[in-house]
Amino acid sequence: MAGWLFVLTLIAALVAVYKPFGDYMYRVVAGHKHNAAERGVYRLVGVDPAAEQTWGVYARGVLAFSAVSLLFLYGLLRLQDKLWLSLGLPAVTDHIAWNTAVSFVANTNWQAYSGESTMGHLAQMAGLAVQNFVSASVGIAVAVALMRGFAARNGATLGNFWVDLTRITLRILLPVSVLFAIVFMVGGMVQNLSTGADVTTLTGGTQHLTGGPVASQEVIKLLGTNGGGFYNANSAHPFENPSAWTNWLQLFLILLIPFSLPRVFGRMVGQNRQGYAIAAVMAILALGSIALTIAFETHGAGTVPEAAGAAMEGKETRFGVVGSAVYAAVTTLTSTGAVNSFHDSYTALGGMMPMVNMMLGEVAPGGVGSGLYGMLILAIITVFVAGLMVGRTPEYLGKKIQAREIKLASLYFLVTPILVLSGTAAAFATGNAGTALNVGPHGLSEVLYAFTSAANNNGSAFAGITVNTPWWDVALGLAMLLGRFLPMILVLALAGSLARQRPAPETEGTLPTHQPLFVGMVAGVTIVLVALTFLPALALGPLAEGLS
Amino acid sequence: MTRRTDEREKGTAMTVTLDDLVEAGPEPEPPAAPVKAGLLDAKQLWKSLPDALRKLDPRVMWRNPVMFIVEVGAVFTTVLSIAEPSLFAWLITVWLWLTVIFANLAEAVAEGRGKAQAAALRSAKQDTVAHLTDGREVPATDLQLGDVVTVEAGQVIPGDGDVIEGIASVDESAITGESAPVIRESGGDRSAVTGGTKVLSDRIVVKITQKPGESFVDRMIALVEGANRQKTPNEIALNILLSALTIIFLLAVVTLQPLAIFSKAFQAAAPDTAAIDGNGVTGIVLVSLLVCLIPTTIGALLSAIGIAGMDRLVQRNVLAMSGRAVEAAGDVNTLLLDKTGTITLGNRQAAEFVPANGVDRQVLADAAQLSSLADETPEGRSIVVLAKNEYGLREREPGLMPQATFVPFTAQTRMSGVDIDGRQIRKGAAAAVMKWVRANGGDPSDEVGAIVDAISGSGGTPLVVAENDRVLGVIHLKDVVKPGMRERFDEMRRMGIRTVMITGDNPKTAAAIAAEAGVDDFLAEATPEDKLAYIRKEQQGGRLVAMTGDGTNDAPALAQADVGVAMNTGTSAAKEAGNMVDLDSDPTKLIEIVEIGKQLLITRGALTTFSIANDIAKYFAIIPAMFMAVYPGLDTLNVMRLHSPGSAILSAVIFNAIVIVFLIPLALRGVRYRPASASKLLSRNLLIYGLGGVIAPFAGIKLIDLLIQLIPGI
């Protein structure tokens, strides 16, 4: 009962904010006025905020900004011991610094380190938290550029990357973060610059409790679907997620932007119903996944779960099975990767669900920005096949899907499966899979999960695998980097190609892309494509384990 | 009409043309699927087999990436089967080769149908001698652009060109299949002649307008043979998607191997099977999995679908100069249709006699009939017919009335009539007749003027009838909309296509006919420039436009339109400018062309959906078969309860191959198309090819499995 209430109130809250928050975001990205702070930023960077950019210029902006961020963060981590607020921690080793820098710039937040024993306050605040903001903004900006491509009438430009980046950060992410950081502090989250305290435990032992600016970092970890925890235990840690209601609020923040972006899309293309359709596809996939995860965890097979009534291993009692299962589903349906329970300890099939969620391409609703553009790519592929069946060369929102568009969409779709499958195969072929804790199907799942999480920029870990070796750091770093920026370049190229087209008028002969039939088709295409790609690998991992 | 009879005699595929609808009466049946089935028989397959085998050449296969991968896989399993022979390995190998051959067969059969047509055309291209005006005689093949030749009765015209002197009747049946001769004359819109056609009477001088080897017949032959067939834009796009899917599956299969080795090592006690051993999944099974997953069904049929689509046009005597135009036809938003001959019957017809000045209607009808007896124009005939039908006036033979003197129509008098028994009866343009009445001392009353204005206002043409010094009344001539057109246009509207009527009439007349025919818009007093401007305006709004035309002054508009269908009777300029030529010169065919374009695209989409949907069942067959030995729990996925791992994999491969053969007729014929809105078409096709594509292979694979489990050792 409480479980149902938990899910239903979450849905209700998201439905309630869809319009107002979506409209607010639309006004932010579509407006023409700049405030003083923004003008200051433009002068500092040296850009003309009125200059419109072609897709190439926009993409160069994305890449240049991300490259600088990457170098800056890498330097900050490597020089940590020579800077302030290091809490006496040493410099981060080269391969972990590389992996972490890529991870945070790519909005992945895969953590090959343990937060409290590796990162000082400066690295957390000026390095990781800053990237939590701007990497999220970059994702949203690229999605907005794609929307502009759809909305454009025979134009060549997609807006201005620097303006989008600045506005999204200052007008969307920052105010919401400040507001909810305070709420989190009220809820019992830590927010200080303390060096920690030693306490004596009940059994007489000594424990070191690390303090820090947790609430401020926590809020953007969720709002920007980043997922990198202040503590190693992430949202299972009582300082990072104190109670059942903060747990609810965390999920709300994760889903807030991804589920409201379709509204921005609808507004942008001038047909709100197109936004509803995309949101509906996301909702169907998300609800299906959440329901299955809950079912597998509460009725999971196995001696221990059956004795306990549900699979409680690896879960916090203050969240319960449902609160944990929903969290696991939501964190992987988006590109967040924060965890409040340990996916490695889930039932075999329950543990498969987070993996499947990521394999869907994280589109239901996905990471901030990346979820929407991923979903739109799937919609384009669906339109291409479905459009033919109504006897016209396919078009989506009046834009023809021809060779160039389908080439870019296909390449986009190829990137992550290539990274996931070749990475996993390489781990086994090179013997690096041997660092997995388990052998057999569960060990296979641990390796598969790691590459799925990295390539899809999720960042959650199945755990049970030692990944802070140079091989893993480099391999996963590459997966994250390519998994983030190759798709972005392809999406921007696609946006440019769409923008140049003059839209065809909608007639009776046009494939309607806002009706339930189409919504069902996109969901179906998503599931079938993923199933076809990953089923062989899943069969040797979670399926083999779960069906035995 | 003659052509249709002709076609029946020839027994080629029939089409439901607009004329059939007209004959069917006022409530025509909706047009059925354009081409009948029964295009494929065993004989045809057998005849195409040599071609199919020739296409196994990797340099040819390479053009079809999906099937090329299958061929490479087949070569690989052949090597494996020779190295380690087993019944299972050889059966898989044979069926993989069959898969490739079936795909080639589909293409070969599609091409074969064009070859017969090409042979017929070649016979028209016999060794003709050209008689140049300077007295030289050269073989027709040596004719250069700009040469001037003389062609006399009984001779074959040596090349495409324009008549620059003379007039002749020409037999064009070699190209159009139409046996009635046509008139070709210098100047005007009937000056174009085609090489290979025969002059029946008189003598013409022709200026050659083609380069050697690029004649109309040459192009037709290349077209129907499918030689140098260019992939169309959408076909290229679809090929890209299929290639991407192939890459994904290639990757999924290749990367499976390290995982399989790891799993087998973990379950070291599991027995080796035909599918998996210590070295991982066997090569034979990996290739089988790959071939079953990549979209072979649509990959095999894609090119056949394209060729067949072009072929369907050729069967309707339409030559598409580019495949792009055929696809564009499916996308057309706006149809520009000429009024005369397309929307209305060719000529105006008498609809009513309106008496004036208190004259009896019967008297007017009688006078009108008398004045038209010698008038052989369609308008004149229609007056006689109306008088007979409405007033029971029997037709009188002009020859039986020796006392009558008929006055023919001239451009100067603008009226015609008869002098009989002292009565002078005239009919003609209102102004001319009234002037004549005044000259005879009479006074055409204001009432006549009012009637004339009313008829003009309603879009009709008034013909005033007068006897000596008084006006008897007015004949109302009007355009008659072909029966069934309104229904046809309603249908177009449901498909999202706007119909626009083009006419030289004034806006009032045009509006009246447009309303009666039910078109969405009209362009009155249309000059060629107006047409061009209208097309540009539509295209500015992102719409695709189709039109027909025949005159030289139509050429710019034909070139601008996305689908420009030139009439074969038209000038060479028009034929050059359009991207299709209709050999029957039937402007209503535009509607059929649109349907063929749509059908082509739907067939592609439907078979792609079917192909991908098939994969689900194949997974349920192969995945458990591959790994059951290692993880027995995976047997849960064997929902079809297939006999053994070997039989399961073999069944999937066999199903994958024979489904291609089963679908060849569908690919050639095209899926059934009925005009309907996009949502309706989508739900229908999704149900048949999507859901059907999921279910059919479950049944098919199980059935095959039931049979092959009888083979010992499988």
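Quick caveat: nothing in here was measured; it's all calculated off a predicted structure.

1. Quick look at the domain arrangement of chain A
All names here are of chain A. For chain A, the domain assignment lists domain 1 (2-195 + 207-272) and domain 2 (367-547). One C-alpha centre belongs to domain 1, the other to domain 2, and the line joining them spans 22 Å. With 48 residues of domain 1 at the interface, the matching set in domain 2 holds 49 residues. For the pairing of domain 1 and domain 2, the buried interface totals around 4,000 Å² over both sides, and the portion due to carbon and sulfur atoms is 74%. The tally of links from domain 1 across to domain 2 stands at zero salt bridges. Linking domain 1 to domain 2 there are 13 residue pairs in polar contact (both at pLDDT 80 or more). For the side of domain 1 that touches domain 2, the element with the most residues is helix α6 (residues 121-151), which contributes twelve residues. Looking at side-chain class alone, the side of domain 1 that touches domain 2 contains 30 nonpolar, 17 polar and one charged residues.

2. Details of the packing of aromatic side chains
All names here are of chain A. As enumerated under the stated definition, the model contains 21 aromatic pairs over all chains in all. Pairing Tyr18 with Tyr276 gives two aromatic rings, centres 5.4 Å apart and planes at 35°, and the pair type is tilted. Within this pair, whereas Tyr18 is found in helix α1 (residues 2-30), its partner Tyr276 is found in helix α10 (residues 272-298), the two being separated by 258 residues in sequence. Owing to a relative accessible area of 40%, Tyr276 belongs among the partly exposed residues under this scheme. Between the NZ or CZ atom of Lys315 and the centre of the ring of Tyr346, over which it lies, the distance is 4.1 Å.

3. So, the sheet that holds strand β21 (residues 521-523) of chain B
Strand pairs in the sheet, formed through backbone hydrogen bonds, run parallel or antiparallel to each other. All names here are of chain B. Strand order across the open sheet formed by seven strands is β12-β24-β23-β22-β13-β20-β21, with mixed pairing between neighbours. Each edge of the sheet is formed by a strand with only one pairing partner; in this case those strands are β12 (318-320) and β21. Sheet twist, expressed as the average angle between the axes of neighbouring strands with direction ignored, equals 20°. Looking at chain direction, strand β23 (residues 563-567) and strand β24 (residues 580-582) are connected through three bridges and run parallel. In the strand pairing of β24, Ala566 is matched with Val581. The sheet strands contacting helix α13 (residues 323-331) are β12, β23 and β24, and the helix crosses β23 at an angle near 110°. With respect to the sheet, helix α19 (residues 507-517) is in contact with β20 (498-502) and β21, its orientation differing from that of β21 by roughly 150°.

4. What to know about the pattern of salt bridges
Residue and element names in this part refer to chain B. All told, the structure shown has 44 salt bridges over all chains when counted by the stated rule. A salt bridge links Asp479 to Lys339, with the shortest nitrogen-to-oxygen separation between them at 2.6 Å. Pair noted here: Asp479 is in strand β19 (residues 470-481) and Lys339 is in the loop between β13 (334-338) and β14 (344-355), with a separation of 140 residues, a long-range link. The exposure classification of Asp479 matches that of Lys339, with both residues buried.

5. What about helix α14 (residues 361-372) of chain B?
Every α-helical turn comprises 3.6 residues, leaving residues that sit three or four positions apart pointing alike. Between its terminal C-alpha atoms α14 of chain B stretches 16 Å, which fits the 16 Å expected from twelve residues at 1.5 Å a residue. Among all positions of α14 of chain B, only Leu364, Ala365, Ala367, Ala368, Gln369, Leu370, Ser371 and Ser372 of chain B are buried.

6. A word on the confidence of the model for chain B
All names here are of chain B. Looking at chain B, the pLDDT average stands at 85 and 92% of residues meet or exceed 70. Between the elements of chain B, mean pLDDT differs from a low of 35, seen in helix α2 (residues 18-24), to a high of 97, seen in helix α5 (residues 65-83). Per-residue pLDDT stays below 50 along residues 1-39; that stretch engages in 60 contacts with residues further than four places along the chain or on separate chains. Two summary scores accompany this predicted model of the complex, namely pTM at 0.88 and ipTM at 0.95.

7. Side note on helix α9 (residues 244-269) of chain A
Residues and elements named next belong to chain A. In this model α9 runs 39 Å from its N-terminal to its C-terminal C-alpha over 26 residues, within 8% of the 38 Å that 1.5 Å per residue would give. Of all the bends in α9, the greatest, near 35°, is centred on Leu256, and the proline Pro258 appears no more than four residues after it. Extensive coverage of α9 is indicated by the burial of 22 of its 26 residues. Of the residues trailing α9, Gly270 is marked for its positive phi of about 80°.

8. Some thoughts on a nonpolar patch on the surface
Taken together, the side chains of Leu170, Leu174, Val178, Ile182, Met185 and Val186 of chain A make up a nonpolar region of the molecular surface, amounting to roughly 510 Å² of accessible area. Within the secondary structure layout, Ile182 of chain A lies in helix α7 (residues 161-186).

9. Some points on the interface of chain B and chain A
In this complex, chain B contributes 63 residues to the contact, which on the side of chain A involves 58 residues. Across the chain B to chain A interface the summed buried area is about 5,100 Å²; carbon plus sulfur atoms make up 78%. Between chain B and chain A we count one salt bridge in total. Here Lys400 of chain A ties to Asp331 of chain B by a salt bridge, and the two come within 3.5 Å at their closest N and O atoms. Among the secondary structure elements, those contributing two or more residues to the side of chain B that touches chain A are α9 (233-254), α10 (256-266), α13, α18 (485-494), α20 (528-540), α23 (589-627) and α25 (678-708) of chain B. Its residues placed into classes, the side of chain B that touches chain A shows 36 nonpolar, 19 polar and eight charged.

10. Re the UniProt feature "binding site: ATP" (unreviewed entry) in chain B
Residue and element names in this part refer to chain B. With numbering aligned to this structure, UniProt lists the feature "binding site: ATP" (unreviewed entry) at Asp375, Glu379, Phe409, Thr410, Ala411, Gln412, Thr413, Arg414, Met415, Ser416 and Lys427. Structurally, the position occupied by Glu379 is in helix α15 (residues 378-391). Look at Glu379 and you get partly exposed, because its relative accessible area is 24%. Ignoring any residue separated from it by four or fewer positions in sequence, one finds Glu379 in contact with Asn347, Arg348 and Leu477. Looking at where Arg414 falls in the secondary structure, it is placed in the loop between β15 (405-407) and β16 (415-420). With sequence-adjacent residues up to four places away left out, Arg414 is seen in contact with Phe409, Gly428, Ala429 and Ala432.

Parameters at a glance
- Residues numbered from 1 in each chain as written.
- Chains lettered and ligands numbered in written order.
- Predicted model: local features only at pLDDT ≥ 70, side-chain atom pairs only at ≥ 80, totals over all residues.
- Heavy atoms only, no water.
- Domains from an automatic or database assignment.
- Contact = heavy atoms within 4.5 Å.
- Buried area = accessible area lost by both parts, 1.4 Å probe.
- Salt bridge = Lys/Arg side-chain N within 4 Å of Asp/Glu carboxyl O.
- Polar contact = N/O pair within 3.5 Å; in protein donor to acceptor, adjacent residues only side chain to side chain.
- Helix = DSSP H or I, 4+ residues; strand = E, 2+ residues; numbered from the N terminus.
- Nonpolar A, V, L, I, M, F, W, Y, C, P; charged D, E, K, R; others polar.
- Phe/Tyr/Trp six-rings, centres within 6.5 Å; stacked < 30°, edge-to-face > 60°.
- Buried < 20%, exposed > 50% of the residue type's maximum accessible area, 1.4 Å probe, protein only.
- Lys NZ or Arg CZ within 6 Å of the ring centre and 35° of its normal.
- Pairing = 2+ DSSP bridges.
- Axes fitted to C-alpha atoms, helices over the stretch in contact; angles between N-to-C directions.
- Expected span 1.5 Å × (residues − 1).
- pLDDT = per-residue confidence, 0-100.
- Bend = angle between axes of the 7 residues up to and from the residue.
- Patch = residues over 30% accessible without salt bridge, like charges linked within 9 Å, V, L, I, M, F, W, Y side chains within 5 Å.
- Areas by Shrake-Rupley, 256 points an atom, 1.4 Å probe, with all protein chains shown as cover.
- UniProt positions renumbered as here; feature names shortened; annotations may be inferred.

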